[in-house]
Amino acid sequence: MKKYKITHKITADFIAEIIVNEDQIDSSINDLIEYKKPNSKFDYTMLKGTESVTQTNYEEYDEKLINSDKERISNK
């Protein structure tokens, strides 16, 4: 029986949260220092219902041989 690999490219809204000590930010001037942008230290929660599929591809999947030359089928 053939197997297929299905890949969805999605967009969604997330909340990124982290707990820090007061000496890790400067609250007097609203400077978050190294926490201005979320990174791998943050916990992420996807907001339910905000996901949207922007592209879907599927291709034959062979566990023995991974071949990037296989024809991919897309619904762009």
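In the block above lies the structure referred to throughout.
Novice: So what's going on with the overall build of the protein? Residues and values would help.
Specialist: For the protein, the count of helices and strands is 0 helices and 5 strands. Along the protein, helices and strands appear, N-terminal first, in the series β-β-β-β-β. Counting the 76 residues in the protein, one finds 8% classified as buried. When contacts within the protein are restricted to residue pairs at least 6 apart in sequence, long-range pairs at least 24 apart make up 63% of them. Here the protein displays about 7100 Å² of accessible surface, and carbon together with sulfur accounts for 50% of that area.

Novice: Describe in detail the pattern of salt bridges, supporting the description with residues and values.
Specialist: Taken as a whole and assessed by the stated rule, the structure comprises 3 salt bridges. One salt bridge in this structure joins K36 and D31, with 3.4 Å as the shortest N-O distance. Here K41 and E34 are joined by a salt bridge, their closest N and O atoms 2.8 Å apart. Here K41 falls in the partly exposed class, since its relative accessible area comes to 49%. Judged by relative accessible area, which is 43%, E34 ranks as partly exposed.

Novice: Give a description of the packing of aromatic side chains that names residues and reports values.
Specialist: As enumerated under the stated definition, the model contains 2 aromatic pairs in all. Judged by centre distance (5.9 Å) and plane angle (65 degrees), the rings of Y4 and Y58 are edge-to-face. Of this pair, Y4 sits in strand β1 (residues 3–11) while Y58 sits in strand β4 (residues 52–61), and the two are 54 residues apart along the sequence. The exposure class assigned to Y58 is partly exposed, which follows from its relative accessible area of 37%.

Novice: Tell me what's going on with the environment of S40, and back it up with residues and numbers.
Specialist: Along the chain, the position of S40 falls in the loop between β2 (14–17) and β3 (43–46). Along the primary structure S40 and A16 are separated by 24 residues, whereas in three dimensions their C-alpha atoms are 9.8 Å apart.

Novice: Please provide a residue-by-residue account of unusual backbone geometry, values included.
Specialist: In this structure, N30 is a non-glycine residue whose phi angle is positive, near 55 degrees. Residue placement: N30 occurs in the loop between β2 and β3. The class for N30 is exposed, based on a relative accessible area of 70%. Located in the positive-phi region is I33, a residue other than glycine, with phi close to 50 degrees. Mapped onto the fold, I33 is located in the loop between β2 and β3. A relative accessible area of 43% means that I33 is categorised as partly exposed.

Rules of the game
Residues numbered from 1 in each chain as written. Predicted model: local features only at pLDDT ≥ 70, side-chain atom pairs only at ≥ 80, totals over all residues. Heavy atoms only, no water. Helix = DSSP H or I, 4+ residues; strand = E, 2+ residues; numbered from the N terminus. Buried < 20%, exposed > 50% of the residue type's maximum accessible area, 1.4 Å probe, protein only. Contact = heavy atoms within 4.5 Å. Areas by Shrake-Rupley, 256 points an atom, 1.4 Å probe, with all protein chains shown as cover. Salt bridge = Lys/Arg side-chain N within 4 Å of Asp/Glu carboxyl O. Phe/Tyr/Trp six-rings, centres within 6.5 Å; stacked < 30°, edge-to-face > 60°.

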